[in-house]
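# Structural overview
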Amino acid sequence: MSEVKLAAQTRTEFGKGAARRIRRENQVPGVVYGHGAEPVHVTLPGHDLLLALRTPNVLLSLDIEGKTELAIPKAVQRDAIKGYLVHVDLILVKRGEKVTVEIPVQTEGELAAGGNLLEHVLNTLTVEAEATHIPESVTVSVEGLEAGASVHAKDIPLPAGTTLAIDEDAVVLQVLAAQAEEPAAEGAEGETEAAEA
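Residues numbered from 1 in each chain as written. Predicted model: local features only at pLDDT ≥ 70, side-chain atom pairs only at ≥ 80, totals over all residues. Heavy atoms only, no water.

So, about the side chain of Asn57. Checked against the element boundaries, Asn57 lands in the loop between α2 (46-52) and β4 (59-64). Side-chain polar atoms of Asn57 contact the backbone oxygen of Glu102, separated by 2.8 Å. (Helix = DSSP H or I, 4+ residues; strand = E, 2+ residues; numbered from the N terminus. Polar contact = N/O pair within 3.5 Å; in protein donor to acceptor, adjacent residues only side chain to side chain.)

Let us look at the environment of Ala52. Mapped onto the elements, Ala52 comes out in helix α2. With relative accessibility at 5%, the residue Ala52 sits in the buried group. Counting along the chain gives 46 residues from Ala52 to Leu6, while the straight-line C-alpha distance between them is 9.2 Å. In this view, Ala52 contacts Val4, Val58 and Leu60; residues no more than four positions away in its chain are not counted. (Buried < 20%, exposed > 50% of the residue type's maximum accessible area, 1.4 Å probe, protein only. Contact = heavy atoms within 4.5 Å.)

Time to look at the sheet that holds strand β8 (residues 117-120). The antiparallel open sheet is built from three strands, whose spatial order is β8-β13-β11. Edge strands, defined here as strands with exactly one partner in the open sheet, are β8 and β11 (150-152). This sheet shows a mean twist of 15° between the axes of neighbouring strands, independent of strand direction. Taken together, the four bridges between β8 and strand β13 (residues 171-176) define a ladder with antiparallel strand orientation. (Pairing = 2+ DSSP bridges. Axes fitted to C-alpha atoms, helices over the stretch in contact; angles between N-to-C directions.)

The following block contains the structure:
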């Protein structure tokens with residue numbers, strides 16, 4: 001995973017009014033914390049941060065007033081309607097340090113014939129990986145799986161240096177048999193309601 005470099009400025013203004021002014025300038029307010037250090041309140045370039053956050057668990061190289069820090073997103077708040085970034089929490093990491101993150105689970109291949117349905121019990125997999133080598137996602141083959149089959153966390157191949165941080169027997173995917181929907185018997189419902197009255 002490559003690093004995305006962003007320039008960050010420390011901020012001293014807080015509250016809703018200050019946050020609105022920051023966002024009007026196409027900046028995003030944020031907090032950088034971790035490693036027992038005091039939290040640092042920063043502003044980040046809005047467009048560049050939005051592009052960087054398209055990659056899950058992106059590694060950010062922050063230039064905070066001449067000092068370079070590595071961080072990963074911990075919490076991202078977006079506007080519920082318009083989708084723009086409202087606030088971001090970043091956690092400091094160091095090269096060689098192991099971090100626990102959630103990575104997306106992707107599938108490839110076709111299920112066995114018969115109209116079966118694939119249910120994603122877990123959309124993400126919690127793993128532990130080195131901070132500068134966090135996988136973007138894991139891919140699971142569902143080729144030929146039939147109804148009743150399931151894929152457990154331990155069955156998913158992980159990149160080198162990455163280990164599971166959840167129960168290895170946790171079900172990630174399962175194949176369900178397609179069910180034909182039965183037409184509702186309207187006459188029977190009406191008779192039941194009459195009998196209750």
